[in-house]
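# An overview of the molecular structure
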Amino acid sequence: MFLGVATPRFILQFLLEHLWLVGVACGIAFPLALILGIWVTRPASREGHVARYVTQFVFLGQAVPSLAVIGLVMAVLGTGEATAIFALTIYSLVPMVRNVVEGLRSVDTSVLDAAKGIGMAPLGVLVRVELPLALPVIFAGLRTAVVITIGTAALSSQVGGGGLGRMIFTGLSMMDTGLILSGAVPTALLAIFADKALGLVERRLRGDW
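Applying the stated rule across the entire model yields four salt bridges. Here R143 and E202 are joined by a salt bridge, their closest N and O atoms 2.9 Å apart. Placement of R143 in helix α7 (residues 122-155) and of E202 in helix α9 (residues 177-206) is noted, with a sequence separation of 59 residues between them. Relative accessible area serves as the criterion here: at 22%, R143 is assigned to the partly exposed category. Given the relative accessible area of 9%, E202 is considered buried. Several salt bridges share partner residues, and in doing so they unite R143, D195, E202 and R206 into one network.

Here it is as structure tokens:
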């Protein structure tokens, strides 16, 4: 049980918990986002209404506050680490799916026609043409999702998820500014570091350096 003492050991423990929550949630969400984004951008899916409704639902999900998502998931699944990971996965899906869809739709149709013209099968066009060209946009969505999830994971401590949020909210309940900062500062630094590191990879994918 956390005793309200912001020792380096506690900070490291909660930092590792925080990284675990973010890593697992984004690790689950990314392949799901790829599958969903590819599905809604296929010609056969675009002709139906289901893909349109799915896209609208995902895009509108960005307007839902993260705390509301966590609260809704908690009402259904109860509390615990699994609940936190499930809620974070859902919330991180939004920017990922959006960018997968936008990235695939931004591929020039003339390039696709040329690939089909040389006899490439639909799967070959997707894997060898569409996804490589859409990769910078897709990765930008992953970058955004990771940074958002780092911040949202702090709220997941309220449903038993652990992480740096435990120090923040324990400090709030105890009116202990030092304890609040012990959780808030590492969370902010982690988000900044993740954004900068993933930004370098994104620049490389875009060919900016």
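If you walk through the whole model with that rule in mind, you get one aromatic pair. Taken together, a centroid distance of 6.0 Å and an interplanar angle of 15° make the contact between F10 and F14 stacked. Remark: F14 and F10 occur in helix α1 (residues 8-41); sequence separation between them is four residues, near one turn of the helix. When the ring centre of F10 is taken as origin, the NZ or CZ atom of R9, which lies over that ring, is 5.0 Å away.

Definitions and cut-offs
Residues numbered from 1 in each chain as written. Predicted model: local features only at pLDDT ≥ 70, side-chain atom pairs only at ≥ 80, totals over all residues. Heavy atoms only, no water. Salt bridge = Lys/Arg side-chain N within 4 Å of Asp/Glu carboxyl O. Helix = DSSP H or I, 4+ residues; strand = E, 2+ residues; numbered from the N terminus. Buried < 20%, exposed > 50% of the residue type's maximum accessible area, 1.4 Å probe, protein only. Phe/Tyr/Trp six-rings, centres within 6.5 Å; stacked < 30°, edge-to-face > 60°. Lys NZ or Arg CZ within 6 Å of the ring centre and 35° of its normal.

Treat this as a map of the structure, not an account of what it does.
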